[in-house]
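Here are the chains, one letter per residue:
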Amino acid sequence: MTHEQAHVLVVDDIDVNREMLARILKRQKCQVSQVADGLEALEILKTVTPDLILLDVSMPNMDGYEVCEQIKANPSTQHIPVMFISALNELEDKMRAFQVGGVDYITKPFKVEEVSARVNSQLTMAQQRQKIMQLNETQAQILQMVSHDLKNPLQIIIGYASMLLEPNPPIDYIQDIAEQILNSANKMDQLVRQLLDLRHLESGTPLHIEPVSLSKVLLSVGMMNELALQQKGQNFTLDLPPDDLLMIEADALLIEQVFTNLLSNAIKYTPVGGEIAIRTSSDESSVTVIVEDNGLGIPPKALPRLFDRFYRVDTQEHRQAASGTGLGLSIVRAIVENHHGDISVESELGKGSRFIVTLPRTQGEHING
């Protein structure tokens, strides 16, 4: 197993030891930093966060035990695993190494195979811990956002349902009350459905791959949104090649979902009488679809987070134009990436946006979800 992204800090006052350890680590494709004493190690940790520290015990100025104690006392570095490598072989030395926070102890002179195996084990565990931390953080974020987005419509449903249970419910307003309850329930249903969609996409659920005419998909998307375009008096242009040159291999329903979402967003965030267009191009290897409008545009600070889960552009104009779950564009990105494609956005606030989707022309057996 290799750890090409792993960064290991080697701390030893003996040049030969450092170089030997560095060679072992580089064989495993690790990135290696070397320092000769504990004070230098603590200094470098102010700007660098390695995945593993190999730490000698007997060093001038500050021994390895004290260095490890300071590492573990610092909240920003206490999660970094520290592996001691020392000539000290007494039980008391090893016990102290674990007491100050070490995760392993190798006695010099060390064997290359032993160091490789133990480093590999520690890096694997460190990566697993990192994944667990990221998963916990993601779950906490999802729980917070879902609870927030479900709370408001749920309170509306409870409030209006309570009015219907009163001894003399307001008969004249029953239809309005029913509409409010239905709208709130639909919002909750949309959130749950989108969460499930995203979960399926991110878990690698196999796609139903078949030859797909992107021209037919885009024509269908345009027809489905025709009423919404007419209601806002928007001018819509669909630019397709004269012949059906936009054949790809894809999951037709998911690809349709991508462009339905992008066109729907363009309609929502483009004012009455605005311009919306879908333009296409292709070459031997890929097909590109651009969905553009002259609507509200997107603030520069929002662009890097636009495809993040639950992210919504937080301006008064965008809030007034539409409300949503903040999951639509993250689902779009997941679908495109599952098709080995790419999606990007160009936008200028007050002038409009361009969403650019590029999909491989042929993908065949390489797409497994």
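Residues numbered from 1 in each chain as written. Predicted model: local features only at pLDDT ≥ 70, side-chain atom pairs only at ≥ 80, totals over all residues. Heavy atoms only, no water.

S.K.: Help me understand the sheet that holds strand E2 (residues 31-35), please; the structure alone is not making it clear to me.
M.R.: Adjacent strands of a sheet pair through backbone hydrogen bonds, lying either parallel or antiparallel. Here five strands make up an open sheet; going across it, the order is E2-E1-E3-E4-E5 and the pairing parallel. Each having just a single partner strand, E2 and strand E5 (104-107) make up the two edges of the open sheet. Here the average twist between neighbouring strands, direction ignored, is 20 degrees. Judged from the four bridges that link them, strand E4 (residues 82-86) and E5 form a sheet pairing that is parallel. Residue Phe84 lies in a different strand from E5, and its bridge partner there is Tyr105. (Pairing = 2+ DSSP bridges. Helix = DSSP H or I, 4+ residues; strand = E, 2+ residues; numbered from the N terminus. Axes fitted to C-alpha atoms, helices over the stretch in contact; angles between N-to-C directions.)

S.K.: Help me understand the pairing of strand E12 (residues 352-360) in this model?
M.R.: Both faces of the sheet carry side chains from a regular strand, because those side chains alternate between them. Burial analysis of E12 places seven of its nine residues in the buried class, the great majority of the element. Bridge count between strand E10 (residues 286-293) and E12: eight bridges; the pairing is antiparallel. Bridge pairing links Val289 to Val357 in E12. Sheet analysis places strand E11 (residues 342-348) next to E12, joined by seven bridges and oriented antiparallel. Note on E12: the bridge partner recorded for Val345 is Phe355. From the end of E11 to the start of E12, which pair antiparallel, there are three residues, and Gly350 there has a positive phi angle of about 85 degrees. (Buried < 20%, exposed > 50% of the residue type's maximum accessible area, 1.4 Å probe, protein only.)

S.K.: What should I look at first to understand the pattern of salt bridges in this one?
M.R.: If charged atoms from side chains of opposite charge come close, those side chains can pair. What the rule picks out here adds up to 11 salt bridges. Linking Arg354 and Glu346 is a salt bridge whose minimum nitrogen-to-oxygen distance equals 2.8 Å. Looking at Arg354, the relative accessible area reads 28%, which means it is partly exposed. For Glu346, a relative accessible area of 43% corresponds to the partly exposed category. Salt bridges sharing common partners tie together Arg279, Glu292, Glu346 and Arg354. (Salt bridge = Lys/Arg side-chain N within 4 Å of Asp/Glu carboxyl O.)

S.K.: Just to check I follow, could you spell out the sheet that holds strand E9 (residues 275-282) for this structure?
M.R.: Pairing is mixed across the open sheet formed by five strands, whose spatial order is E7-E9-E10-E12-E11. The open sheet terminates on both sides in strands that have one partner only, identified here as strand E7 (235-239) and E11. Direction aside, neighbouring strands of the sheet carry axes that sit 10 degrees apart on average. Each of E7, E9, E10, E11 and E12 touches helix H9 (residues 252-268); the most contacted strand, E10, lies at about 20 degrees to it. (Contact = heavy atoms within 4.5 Å.)

S.K.: Would you explain helix H1 (residues 15-27) in this entry?
M.R.: What sets the pattern is the α-helix's 3.6 residues per turn: residues three or four places apart point alike. Between its first and last C-alpha, H1 extends 19 Å over 13 residues, near the 18 Å set by a 1.5 Å rise per residue. Turning to H1, its buried residues are Asn17, Arg18, Leu21, Ala22, Ile24 and Leu25. One face of H1 carries all of its buried residues, which in axial projection span an arc of 160 degrees. In this structure, H1 carries Val16 and Arg27 as exposed residues pointing more than 90 degrees from its buried face. Immediately downstream of H1, the backbone of Lys29 shows phi near 65 degrees, a positive value. (Expected span 1.5 Å × (residues − 1). Arc of directions from axis to C-beta.)

S.K.: Got a minute to help me understand the packing of helix H7 (residues 214-224) against H9 in this structure?
M.R.: For any two helices packed against each other, the geometry is given by the interaxial angle and the distance between the axes. The N-to-C vectors of H7 and H9 enclose an angle of 40 degrees; their axes lie 9 Å apart at closest approach. Here H7 is positioned oblique relative to H9, judged by the angle of their axes. Every pair of crossing elements has a handedness; the one defined by H7 and H9 is right-handed. Every residue of H9 that contacts H7 at Leu214, Val217, Leu218, Ser220, Val221, Gly222 and Met224 is listed here: Ile255, Glu256, Phe259, Thr260 and Leu263. Residues of the contact of H7 with H9, tallied by class, amount to eight nonpolar, three polar and one charged. (Parallel < 35°, antiparallel > 145°, perpendicular 65-115°, else oblique. Left-handed = near helix turned anticlockwise from the far one by under 90°. Nonpolar A, V, L, I, M, F, W, Y, C, P; charged D, E, K, R; others polar.)

Any link to function would need more than the numbers given here.
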